[in-house]
Amino acid sequence: MIMKHFSRRVLAICIFGVLLLILAGCTDSGESRAILKPAIAVAGKTGSWSVVVTVGDEITTGGSIKIQWPNGWYNAALPEGKLKAMQFTDADGNHYLAVETTRKGVEIGLSIVRKGLDGQHDRYGRAVVLTLDEGRLNPGDEVTLHFNNTFAPVTSEEHDVAIGIDYDGSGSYQLLTNLPPIEVIGNIATKVRLLAPSQAQVGIPTTVTVVALDQFENATQGYRGLVQLVSDDSTTTLPSDYRFTAKDKGAKKFSVTFNKASVQRLKVKTDQYLAPHGIASNPIQVVDKQDGKKIYWGDLHSHTELSKDASGSATTAYRYARDVTALDFLAVTDHGAGDENRNEGYFWYGVTPEEWEHNRTLVEEFTVDGEFVGLLATEWSGRTRYGHHNVFYRGLEGAPLGEDGYTAVEEIWDLLDVGEAFTIPHHTGLSWPSGGSPDTDWRLHRNDALRPAIEIYSLWGAGEYFGNDMSYEYFFQRSFGSHKGPNYARDAWALGHYIGTVAGSDDHNAHPGQEHFGLTAVYADELTRTDIFDAILDRHTYAT
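Cut-offs applied
Residues numbered from 1 in each chain as written. Predicted model: local features only at pLDDT ≥ 70, side-chain atom pairs only at ≥ 80, totals over all residues. Heavy atoms only, no water. Helix = DSSP H or I, 4+ residues; strand = E, 2+ residues; numbered from the N terminus. Buried < 20%, exposed > 50% of the residue type's maximum accessible area, 1.4 Å probe, protein only. Contact = heavy atoms within 4.5 Å. Areas by Shrake-Rupley, 256 points an atom, 1.4 Å probe, with all protein chains shown as cover. pLDDT = per-residue confidence, 0-100. Pairing = 2+ DSSP bridges. Core = buried A, V, L, I, M, F, W, Y, C linked by side-chain atoms within 4.5 Å. Phe/Tyr/Trp six-rings, centres within 6.5 Å; stacked < 30°, edge-to-face > 60°. Lys NZ or Arg CZ within 6 Å of the ring centre and 35° of its normal. Salt bridge = Lys/Arg side-chain N within 4 Å of Asp/Glu carboxyl O. Axes fitted to C-alpha atoms, helices over the stretch in contact; angles between N-to-C directions. Parallel < 35°, antiparallel > 145°, perpendicular 65-115°, else oblique. Left-handed = near helix turned anticlockwise from the far one by under 90°. Nonpolar A, V, L, I, M, F, W, Y, C, P; charged D, E, K, R; others polar. Expected span 1.5 Å × (residues − 1). Arc of directions from axis to C-beta.

J.: What should I look at first to understand the overall build of the protein in this one?
T.: Of regular secondary structure, the protein possesses 6 helices and 36 strands. Relative to its full complement of 544 residues, the protein shows a buried share of 52%. Counting only contacts in the protein whose residues sit at least 6 apart along the sequence, the fraction spanning at least 24 positions is 70%. A total accessible area of about 24,300 Å² is found for the protein, and carbon and sulfur atoms account for 51% of it.

Rendered as structure tokens:
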């Protein structure tokens, strides 16, 4: 009996020992891991966040941990952009970085570098390097990077924080496979918008969108207001009053049926402070029967983090255009090449082949004929007199045109096939305060087949003629100016250029289609990529 109990005790001890070994294997060796505290942020709101890295394998003296937050976390001002003044000395100051570890007797230094874990330089993006100056870190040790007294990005989205570890000081970083995500949610709602198609047919249901927006134009996920759609036409069939839920994420589509031909404006009323007396929609032309071409709205100029001088992912841009600003089409026009002023250390890269393929995939995934269309596009930033041109492709073939350093727009045109691609210049009269202005001199180059339009308006201002009321130097109270010369739409027309007009936001935070930032209306037979592309080529557009 004693031996029996002894055997059971030995067996229990052995099993417990095996379990400890298994747990030790999970905790003290193998892959490193990381978590965020907290893992959520409110757009534009000041707070403190920490990245906690649990070491999986030994890190020796000279080894380091590189942590790269999404670009928006380093950007201090949008849409123009300015780098946060991150610092290590004043714990009570803004953008304070600090490091601590559970391992005693080690010294860890902090530095900020331009080169990211992907090997690229971004204009505003940075990486924080935690270098083990003395001692070693063993499996199971924790290293925490604090990012205190800073404000969250203004673009709401979920994005991974990239983390790599150089275990032996060789300079080679192993990227953690399970990267911790940080979710930025919309701030408090400050307004609602009611967005509707410009045309509708009597008796056919029409989809309209109600969206609650914060001060940064994010859809406010926490909005729970009661909304009511109203019409001056008593024959219009309207939905029942609706209270927003968490599932809506701040934007909700409704079905409305107009039963009389007229020009209508719906209104949305709320039970809260946002719109108690009603906010009007855009005008809607209701006809007995829709024949011929229809009006579709889109943004032909939007940037994401792939541009390296912007923030927000390309996925966020497409979702925002489709679900928040209710656009019919979108072109993400990330920079094919960055600024190559390497002598002054002021440079960043453009779209890589892998990123270009990612954007091509998104164009295909988000395109649903009749509902939403993505256009494959990129920006080529030329020098003075040649200007900045966005390049658009009919299908899913094409290249970002940035790697070979083209300096003249004629070089770009030589690469394009008529009917399969075209270019559109933007901010054609803009003047940089530092010189090297990206103005377009209409006297020097012409190609009506490959340049069907001018982007006559964006968040930079209007380029219809020199000295207009929305000129570059006064718009958004920036330090930019207007170049006095043959750089504007009226100059192009006077010189005989056969160009139409479009408008695009040129936003740099993955928020296309924002109010007052510039939109293009296209007259097309159907909402397909081919029809939108051909309509622009045919100059069946207008800008607002």
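J.: Is there a simple way to explain the confidence of the model for the protein in this structure?
T.: Mean pLDDT for the protein: 89, with 89% of residues reaching 70 or above. Throughout residues 1–29 the model reports pLDDT below 50, and contacts reaching past four residues in sequence, or to other chains, amount to 11 contacts. Low pLDDT (under 50) marks residues 342–346, which in the prediction has 6 contacts with non-local residues, meaning those over four places away or in another chain.

J.: Help me understand unusual backbone geometry, please; the structure alone is not making it clear to me.
T.: Peptide bonds are mostly trans, and most non-glycine residues show a negative phi. Across the junction of Lys37 and Pro38, the peptide omega takes the value -15 degrees, indicating a cis bond. Its place among the elements puts Pro38 in the loop between strand 1 (33–37) and strand 2 (40–42). At Lys249, a residue that is not glycine, the phi angle is positive and equals roughly 55 degrees. Position of Lys249 among the secondary structure elements: in the loop between strand 17 (242–243) and strand 18 (251–256). The phi torsion at His427 lies on the positive side, around 30 degrees, for a residue other than glycine. When you line up the elements, His427 lands in the loop between strand 29 (421–426) and strand 30 (430–431).

J.: Would you mind going over the pairing of strand 12 (residues 181–185) with me for this structure?
T.: On a regular strand, one side chain projects to one face of the sheet and the next to the other, so that they alternate. Because side chains alternate across strand 12, one face comprises the buried residues Ile182 and Val184, and the other comprises Pro181, Glu183 and Ile185, none of which is buried. The sheet contact formed by strand 2 and strand 12 spans 3 bridges and is parallel. Along strand 12, the bridge assignment pairs Ala41 with Val184. Where strand 9 (residues 157–160) meets strand 12, 4 bridges bridge the pair, whose relative direction is antiparallel.

J.: Sorry if this is basic, but what is going on with the nonpolar core here?
T.: Generally speaking, soluble globular proteins have nonpolar side chains that are buried together. Residues Ile59, Ile65, Ile67, Trp69, Trp73 and Ile163 are the most contacted members of the largest nonpolar core, which totals 32 residues. Contributing elements (two or more residues each) for this core: strand 1, strand 3 (46–54), strand 4 (64–68), strand 7 (127–134), strand 8 (142–151), strand 10 (162–166) and strand 12. Look past the residues within four positions of Trp69 in its chain and what remains in contact with it is Leu36, Trp49, Val51, Tyr74, Leu145, Phe147 and Val161. Counting 31 residues, the second-largest nonpolar core is a separate cluster that includes Leu362, Phe366, Leu376 and Val391.

J.: Is there a simple way to think about the packing of aromatic side chains in this case?
T.: Any aromatic ring pair is given by two values, namely how distant the centres are and how the planes are angled relative to each other. Across all of its chains, the model carries 13 aromatic pairs by this definition. Between Trp297 and Tyr542 the ring centres are 5.7 Å apart and the planes differ by 85 degrees, which places this aromatic pair in the edge-to-face class. Residue Trp297 is located in strand 23 (residues 294–302), and its partner Tyr542 is located in strand 36 (residues 541–543); the two are separated by 245 residues in the primary sequence. Classification of Trp297 by relative accessible area gives buried; the value is 18%. Ring pairs connect the aromatic residues Trp49, Trp69, Trp73 and Phe147, which therefore count as one cluster. When the ring centre of Phe151 is taken as origin, the NZ or CZ atom of Lys84, which lies over that ring, is 4.4 Å away.

J.: Would you mind showing me how to read the pattern of salt bridges here?
T.: Pairing is possible between side chains of opposite charge, provided their charged atoms come close. The tally for this structure, following the rule as stated, stands at 16 salt bridges. A salt bridge links Arg394 to Glu420; the nearest nitrogen and oxygen atoms lie 3.7 Å apart. Pair noted here: Arg394 is in the loop between strand 28 (388–393) and helix 4 (409–415) and Glu420 is in the loop between helix 4 and strand 29, with a separation of 26 residues, a long-range link. The class for Glu420 is partly exposed, based on a relative accessible area of 43%. Two residues, Arg443 and Asp441, come together in a salt bridge whose shortest N-O distance is 2.9 Å. Its relative accessible area of 6% is what places Asp441 among the buried residues. The network of salt bridges with common partners includes Lys191, Glu217 and Glu515.

J.: Could you clarify how one ought to interpret the sheet that holds strand 2 in this entry?
T.: Sheet strands line up and pair through hydrogen bonds in the backbone, either parallel or antiparallel. Taken together, 3 strands build an open sheet; the order of strands is 2-12-9 and the sheet is mixed. Each of the sheet's edge strands pairs with one partner strand only, and the pair in question is strand 2 and strand 9. Strand after strand, the sheet turns through a mean of 20 degrees between neighbouring axes, direction not considered.

J.: How should I be thinking about the environment of Glu526 in this particular structure?
T.: Secondary-structure assignment places Glu526 in the loop between strand 35 (520–524) and helix 6 (529–537). Glu526 sits 233 residues away from Lys293 along the chain, and the two C-alpha atoms are 7.4 Å apart. Discounting chain neighbours no more than four positions away, the residues touching Glu526 are Lys294, Tyr296 and Asp531.

J.: Please clarify how the packing of helix 2 (residues 314–324) against helix 3 (residues 353–366) should be interpreted in this entry.
T.: Packed helix pairs are characterised by how far apart their axes lie and by the angle those axes make with each other. Packing of helix 2 against helix 3 leaves a shortest axis separation of 10 Å and a crossing angle of 25 degrees. Looking at the two axes, helix 2 sits roughly parallel to helix 3. Like other packed secondary-structure pairs, helix 2 and helix 3 cross with a definite hand, here right-handed. Residue-level inspection shows Ala314, Thr315, Tyr318, Arg319 and Arg322 of helix 2 in contact with helix 3, the latter providing His358, Asn359, Leu362, Val363 and Phe366. The residue makeup of the contact of helix 2 with helix 3, split by class, is 5 nonpolar, 3 polar and 2 charged.

J.: What should I look at first to understand helix 3 in this one?
T.: An α-helical turn contains 3.6 residues, so a residue and the one three or four places further along point in the same direction. The terminal C-alpha atoms of helix 3, which comprises 14 residues, lie 20 Å apart, in line with the 20 Å expected from a rise of 1.5 Å per residue. Along helix 3, the positions that sit buried rather than exposed are Glu355, Trp356, Asn359, Arg360, Leu362, Val363 and Phe366. An end-on view of helix 3 places all buried positions within 160 degrees of arc, on one side of the element. Set apart from the buried face of helix 3 by more than 90 degrees, the exposed residues are Pro353, Glu354, Glu364 and Glu365. Tucked into the core, helix 3 has its buried residues touching helix 2, strand 24 (329–332), strand 27 (373–381), strand 28 and helix 6.

J.: Honestly, the sheet that holds strand 16 (residues 226–230) in this entry has me stumped. Any pointers?
T.: Pairing in this open sheet of 4 strands is antiparallel, and the strands run 17-16-20-21 from one edge to the other. Of all strands in the sheet, those with a lone pairing partner are strand 17 and strand 21 (279–280), marking the two edges.

J.: Explain the environment of Val143 to me, please; I cannot follow it from the model alone.
T.: Inspection of the secondary structure puts Val143 in strand 8. On the basis of relative accessible area, Val143 is assigned to the buried category, the value being 2%. The spacing of Val143 and Val99 is 44 residues in sequence and 7.2 Å in space, taken between C-alpha atoms. Ignoring sequence-local partners within four residues, the contact set of Val143 consists of Val51, Val52, Val53, Ile65, Val99, Glu100, Thr101, Ile108, Leu130 and Leu137.

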